[in-house]
Structures are given as structure tokens and as C-alpha cells.
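Structure assessment
One letter stands for each residue in the lines below.
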Amino acid sequence: MSELTRAIAVGLPAGEVEVPAVIGVPKGAWAAMALAHGAGAGHRHPFLSGFSNAMQSAGVAVLRFDFPYVAAGRRIPGPAAHAIAAWGAVLAWLGDEVSGVPLVAAGKSYGGRMASMAAAEVVIEPAGLVYLGYPLHPPGHPDRPRVEHLPAIAQPQLYVEGTKDPFVDPHDQLEAAVAACRQATLVWVDGGGHSFEVKGRRRPAAEVGAGLAPLVVEWMRGLA
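Summary of the structure given here. (Residues numbered from 1 in each chain as written. Predicted model: local features only at pLDDT ≥ 70, side-chain atom pairs only at ≥ 80, totals over all residues. Heavy atoms only, no water.)

**Focus on unusual backbone geometry**
Residue Pro170 is reached from Asp169 by a cis peptide bond, and omega for that bond is 15°. Structurally, Pro170 is set in the loop between strand E7 (157-162) and helix H5 (171-179). The backbone of Ser109 sits at a positive phi, close to 50°, despite the residue not being glycine. One can find Ser109 in the loop between strand E5 (103-108) and helix H4 (110-120). Exposure remark for Ser109: the relative accessible area of 10% places this residue in the buried category. (Helix = DSSP H or I, 4+ residues; strand = E, 2+ residues; numbered from the N terminus. Buried < 20%, exposed > 50% of the residue type's maximum accessible area, 1.4 Å probe, protein only.)

**Some details on the packing of helix H1 (residues 46-57) against helix H6 (residues 205-223)**
In contact at an axis separation of 7 Å, H1 and H6 are set at 40° when each is read in the N-to-C sense. Here H1 lies oblique to H6, going by the angle between them. Once H1 is placed against H6, the crossing between them reads as right-handed. In this structure, H1 uses Pro46, Phe47, Gly50, Phe51, Ala54 and Met55 to contact H6, whose residues at the interface are Ala205, Ala206, Val208, Gly209, Ala210, Leu212, Ala213, Val216, Val217 and Met220. In terms of residue class, the contact of H1 with H6 is built from 14 nonpolar, two polar and no charged. (Axes fitted to C-alpha atoms, helices over the stretch in contact; angles between N-to-C directions. Parallel < 35°, antiparallel > 145°, perpendicular 65-115°, else oblique. Left-handed = near helix turned anticlockwise from the far one by under 90°. Contact = heavy atoms within 4.5 Å. Nonpolar A, V, L, I, M, F, W, Y, C, P; charged D, E, K, R; others polar.)

**Some words on the environment of Leu103**
With respect to the element layout, Leu103 can be found in strand E5. Given the relative accessible area of 17%, Leu103 is considered buried. Separated by 22 residues in the primary sequence, Leu103 and Glu125 have C-alpha atoms spaced 8.7 Å apart. Beyond its immediate chain neighbours, meaning those up to four positions away, Leu103 contacts Ala32, Leu91, Leu94, Gly95, Val98, Pro126, Ala127 and Gly128.

**Points about the packing of aromatic side chains**
For the structure on display, the rule yields eight aromatic pairs. Measuring from centroid to centroid gives 6.1 Å for Tyr69 and Tyr110, while their planes differ by 85°, and the two rings are edge-to-face. Separated by 41 residues along the polypeptide, Tyr69 in helix H2 (residues 68-71) and Tyr110 in helix H4 bring together distant segments of the chain. In terms of burial, Tyr69 and Tyr110 fall into one category: buried. (Phe/Tyr/Trp six-rings, centres within 6.5 Å; stacked < 30°, edge-to-face > 60°.)

**A closer look at empty space enclosed by the protein**
Overall, the coordinates contain one cavity of 30 Å³ or more when judged by the stated rule. Its volume calculated, the largest cavity comes out at about 50 Å³. Lining the largest cavity, in full, are Phe67, Pro68, Tyr69, Arg74, Gly78, Pro79, His82, Ala83 and Tyr110. Put simply, the parts of the chain that give the lining of the largest cavity at least two residues each are H2 and helix H3 (80-97). Class assignment of the residues belonging to the lining of the largest cavity gives a composition of six nonpolar, two polar and one charged. (1 Å grid on protein atoms, 1.4 Å probe; cavity = no way out; pocket = protein on both sides within 12 Å on 5 of 7 lines; lining within 4 Å. Points joined across faces, edges and corners; volume = space filled by probe spheres on them.)

**Focus: the packing of H3 against H4**
With their axes 9 Å apart at the nearest point, H3 and H4 run at an angle of 80° to one another. Between H3 and H4, the angle falls in the class roughly perpendicular. Contacts between H3 and H4 pair Ala80, Ala83, Ile84 and Trp87 from the former with Tyr110, Gly111, Met114, Ala115, Met117 and Ala118 from the latter. Considered class by class, the residues forming the contact of H3 with H4 number nine nonpolar, one polar and no charged.

Here is the structure:
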């Protein structure tokens, strides 16, 4: 899939920074998606590449980008405010680049949670949000849920979750959080872990990511 490299300016308290990004726009794109990485990987992770390629094959323009801490060469996420500012800049840039179609904010784990916080604070106002493995709580700590802001989100949300993901155990806690949202859909991937790997079934990360695209496309068709 042909993609173009870009640099997007993000305004932070200490000054403006640029975050690297890649964008692929298929002919006749009917929707556009900004796609953020998880805490431990940048925008070129094979899982994101595979998912992005499959989404583009289905007619969705996809912009993958790095958060400022990754662009600065750090491995540990910076302040949430920095990630939220990045989301604001990236979605605005994408709206200018691919106009006239619904814009969706999507992210793997941490990237999706940061998108949800940006939407709750009305920094971004996408047509919808997609979470690929929302990190409801740290593994083994269901007493520390990250849910307070979710009911404030006005847009439709899609939660794609693995049934073996330690970040959403117990399941009923996530189901209750989704039920408390204004407009939210929860789709379980049977046997999937936090990165949707299935025990006993070895597959490349790109293939795993690509396998999630059809259900996301189906949901996005409802937005369009």
C-alpha cells in the first residue's frame, strides 16, 4: 500500500514540536482515520501497519502518527496533555488533507485511551472513536479503572477487546463502563490477548491487525 511520510506540528507548553506520520489515501476514500500507537510502540509497528493496509484496501484513508514522547526518542509516555494536544493537531491536519468525509479517531491501547480523553475534553470532535484493546485498568488492578471520562464523550465509540486481555478482566467491569457511555458498541474477539494474539495460534502481528479491519469497517459504515 502506497503511503506518504509527513511531519505534523503540535503545540506544547514548551514550544512547538513535530511528530512523524504516514498517510495512505485510497482512490474514492469514503472515510478517514487517524490511528495512534500503544504505549510501547510507534506508528510503524507491524500490527498498526497491517490494520492500516487492510483499512485502506476497504476505502478508508489512514494517517498513522507518533506521540511527542516517541518523536523525542523516549520510551515512557509523557504527560497526557501532550498526547491530547497531539490528537487535536493530528485530527485537524487530517480533516484538511482529506475533506468531506467522516473522520474517525482510533488507537491501540494507550493511543485509544488518549483519543477518548481528547474527545471527552472536546479537543477533538470526530465522527466516531475506535479502541483496539482499551486499557480499562492496569493488569491485575481492576480497582484502578480508567473510566470516569467515558460518559462525557458525545460521539459513537467502538470497543474491540480480546476475551483474554488482562487489561479488561473482569469482563463485566468493561461491559458496565460501555453501558454507561452515551453511544458505545463492544465487540469481543474470542481468545484474544491485549494485542489480539490467540494462544496456540501463531500469526504475524500484521496479519492479526489486518484481521480486525472488517469489523471496524462494518461499524464505520454506520457512521457514513
